[in-house]
Amino acid sequence: VLLYITFWVPSERRARFTAMFMSALVLSGLIGGPISGVIMAGMEGMAGMRGWQWLFIVEAMPSIILGIVVLTWLTDTPDKAKWLSDQEKQLVREDLQRDAESGQGKTRTSHTLKEAFLDYRIYVLASMAIALVSGIGGLSFWLPTILHQAGVEDLVLLGVLSGVPYLIALGVQQWVAHHSDKTGERRWHVAICAAICAAAWFVLPSFAEHPWISLVLLVFACSGAFGATGPFWTMPSGFLAGTAAAGGIALVSSLGAVFAILSPTIVGWATDKTGSLAAGQYYYGTLFLLAAIILPWGTRNRTSANN
C-alpha cells in the first residue's frame, strides 16, 4: 500500500495521505477496544464458546469482506480507474509529473533491488520500522492489560478506556502529517514523536498502580507512535526509485514485522519471569529511544522534502 500511494500522490502531500491510510490502525484500536469488551462480556458462553473465541470470529468478518472489495474495486494506477473522469485522471498525472520535474522525485538514488539491499539508509529506516511496528503491536496487546493491572476491573469500562489513547492519537497523527507536508521536513517529525513515545514507556512502570496516570502516559505512547507513521512511511520511497522502491519498502516493513512477531514473545517471557509488565515497557521504550537517535543521525545528509 505504501508503494501504491506513490503511484497516486506527489511527495509534497504524501505524508497526509499515508497518515490517512495509517489512521486505520488508530481507528481499529478506538473502535476495537470497546467492541472487544462488549463481545467478550456479552457473548461469553454463547453456543458453548468462550468470549475470546467469538472475538476472533466477529472481528475477522470485516477483513474478509474488505479483501474482496479491494480485489474488485481498486486499480493499479489512476489511468485504469473507472471511477475517475478523464479530467480527474489528467489532474493526477500532472501532479505526479510536476513532482518528478520539481526535483523531489529525483532525490531517490537507488534504482535496483540489489542497490536497495546495500543502501545503509534502508537499515537506518528499518530501526524505526522495528520500533513502530513492534510498539504499535505492543500497544494493541498490552494496553488493556496495563489498565487492568492498574485497577480497572470492569470489562466494558476497560474497553472504553482502552479506546481513549487511540482517539487522541488519531488527531495527533493527522496534525503531525499535515505539519510535515507543510514544512517539507520528515526525519525530525519522526524522531521527536518516537522520543515522546519512548519517554512514556519508560515512565509507565513508576505508575503501575495509578489507572488515570497510566492512561495519560498511554495517550503519549500512542500519540508518539502513531504520530510518526505518516512522515516516516514516506521516507523509503523518497530514497529509492524503480524496483528498489518496492523492494526497499518491503525490506523495511519486513524487518519491522519480524520484530513484531518476536516482541510479544520477548515481553511475555519477561513478564512471566519478573511477574511485572515493567520489563516489557522498558523494552518498548528502548526500541523507540534507539530509533529516535539512529534515524536523524543516519539520514542527516538529506536535503529534500523527504529529509
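Described in the following lines is the structure provided in the data block. For clarity, every value in this text was computed on a predicted model and none was experimentally measured.

Secondary structure summary: the protein contains twelve helices and zero strands in total. Ordered by position in the sequence, the α and β elements of the protein form the string α-α-α-α-α-α-α-α-α-α-α-α. In terms of overall size, the protein behaves like a compact globule, its C-alpha atoms giving a radius of gyration of 21 Å where 307 residues would be expected to give roughly 19 Å. Buried residues in the protein amount to 48% of all 307 residues.

Between its terminal C-alpha atoms helix 9 (residues 211–232) stretches 31 Å, which fits the 32 Å expected from 22 residues at 1.5 Å a residue. Counting buried residues in helix 9 gives 17 out of 22 residues, a clear majority hidden from the surface.

Another aspect to go through is the nonpolar core. Judged by nonpolar contacts, the single largest core of 60 residues is most densely connected at Met-128, Leu-139, Leu-147, Trp-201, Phe-232, Trp-233 and Phe-288. The leading source of residues in this core is helix 6 (residues 120–150), at 14 residues. In contact with Leu-139, other than residues within four places in its own chain, are Pro-144, Tyr-166, Trp-201, Leu-218, Ala-221, Cys-222 and Ala-225. In this structure, Ile-5, Trp-8, Val-9 and Ala-81 belong to the second largest nonpolar core, which totals five residues.

A few words on a nonpolar patch on the surface. A surface patch of nonpolar side chains, amounting to about 960 Å² of accessible area, comprises Met-61, Ile-64, Ile-65, Leu-66, Ile-68, Val-69, Val-70, Trp-73, Leu-74 and Trp-83. Structurally, the position occupied by Ile-65 is in helix 3 (residues 51–73). Taking relative accessible area as the criterion, Ile-65 reaches 49% and is therefore assigned partly exposed.

Let us look at the environment of Thr-229. Position of Thr-229 among the secondary structure elements: in helix 9. Taking C-alpha positions, Thr-229 is 9.7 Å from Gln-174, a pair spaced 55 residues apart along the chain. Apart from the residues within four sequence positions on either side, Thr-229 is in contact with Thr-18, Met-22, Ile-136 and Gln-173. A polar atom in the side chain of Thr-229 sits 3.0 Å from the side chain of Gln-173.

Further remarks concern the side chain of Ser-134. Take Ser-134: it is sitting in helix 6. Taking relative accessible area as the criterion, Ser-134 reaches 3% and is therefore assigned buried. Polar side-chain contacts of Ser-134 include one of 2.9 Å to the backbone oxygen of Ile-130. Those residues in contact with Ser-134 that sit more than four places away from it in its chain are Ala-129, Gly-256, Phe-259, Ala-260, Ser-263, Tyr-284 and Leu-287.

So, how was this worked out
Residues numbered from 1 in each chain as written. Predicted model: local features only at pLDDT ≥ 70, side-chain atom pairs only at ≥ 80, totals over all residues. Heavy atoms only, no water. Helix = DSSP H or I, 4+ residues; strand = E, 2+ residues; numbered from the N terminus. Rg over C-alpha atoms; globule rule 2.2 N^0.38 Å. Buried < 20%, exposed > 50% of the residue type's maximum accessible area, 1.4 Å probe, protein only. Expected span 1.5 Å × (residues − 1). Core = buried A, V, L, I, M, F, W, Y, C linked by side-chain atoms within 4.5 Å. Contact = heavy atoms within 4.5 Å. Patch = residues over 30% accessible without salt bridge, like charges linked within 9 Å, V, L, I, M, F, W, Y side chains within 5 Å. Areas by Shrake-Rupley, 256 points an atom, 1.4 Å probe, with all protein chains shown as cover. Salt bridge = Lys/Arg side-chain N within 4 Å of Asp/Glu carboxyl O. Polar contact = N/O pair within 3.5 Å; in protein donor to acceptor, adjacent residues only side chain to side chain.

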